[in-house]
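This is what each chain is made of:
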Amino acid sequence: MIDKDTITHRHWSLRVGRADPETRVAPETYGEIEVSLGDLSQAIANLVLTPKGSVPTEPEKGVDTLGAIDKHPDIGIPYLSREIWDAIRIWEKRVIVEKVTVSELSFAHFKTTILWRPAEGVVSELQVTEVTFNG
């Protein structure tokens, strides 16, 4: 159990243990937290992996990956890039997105690289968050 009184950071969240795309093994993360830039990066990854319409109280939150299904990469990749860009801009006010790149790893498997920086603070260099998701 986490004692919240011992956390000294303003921005923090529980660490999400996602399975490695290649090995499909999730790391043990029970009781661990993400703070500072790690919290922001995790928030971006969570947002990208949230299907639009899956949050009952906020149906517009997330990314509509279904709109890119069965589309030629020339159409689907720009669509996903715009969806990811818009979702982060609307739902994660703590960051400023500089660039979103989506690439196809294999059929219906994509990788997105998001270059971002915190909206406020002393850190001004770009940060990178990579998210791999299956269609």
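If you're wondering where the values come from, they're calculated on a predicted model, not measured in any experiment. (Residues numbered from 1 in each chain as written. Predicted model: local features only at pLDDT ≥ 70, side-chain atom pairs only at ≥ 80, totals over all residues. Heavy atoms only, no water.)

A few points about the pairing of strand S5 (residues 127-134)
Right, on to step 1. With burial as the criterion, only one face of S5 is covered, namely that bearing Gln127, Thr129, Val131 and Phe133; the residues Val128, Glu130, Thr132 and Asn134 on the opposite face remain uncovered.
Right, on to step 2. Strand direction decides the pairing type here: strand S4 (residues 109-118) and S5, joined by eight bridges, are antiparallel. Bridge pairing in S5 places Leu115 opposite Val128. (Buried < 20%, exposed > 50% of the residue type's maximum accessible area, 1.4 Å probe, protein only. Helix = DSSP H or I, 4+ residues; strand = E, 2+ residues; numbered from the N terminus. Pairing = 2+ DSSP bridges.)

Things to note about the sheet that holds S4
Right, on to step 1. Spatially, three strands are ordered S3-S4-S5 in an open sheet, and the strand pairing comes out antiparallel. Because the sheet does not close on itself, it has two edges, and the strands there are strand S3 (95-106) and S5. Between one strand axis and the next, the sheet turns through 20° on average, direction left out of account.
Right, on to step 2. Docked against the sheet, helix H1 (residues 36-48) engages S3, S4 and S5, running at close to 140° with respect to S4.
Right, on to step 3. Together, S3, S4 and S5 form the strand contacts of helix H2 (residues 73-91), whose direction differs from that of S3 by roughly 150°. (Axes fitted to C-alpha atoms, helices over the stretch in contact; angles between N-to-C directions. Contact = heavy atoms within 4.5 Å.)

Some thoughts on the pattern of salt bridges
Right, on to step 1. A complete count under the given rule lists eight salt bridges for this structure.
Right, on to step 2. Note that Glu58 is salt-bridged to Lys61, the shortest N-O span being 3.7 Å.
Right, on to step 3. A residue is classified by how much of its surface remains accessible, and Lys61, at 26% relative accessible area, is partly exposed.
Right, on to step 4. One salt bridge connects Arg94 with Glu92, and the closest N-O pair in it is separated by 2.7 Å.
Right, on to step 5. Glu92 gets classed as buried once you look at its relative accessible area, which sits at 10%. (Salt bridge = Lys/Arg side-chain N within 4 Å of Asp/Glu carboxyl O.)

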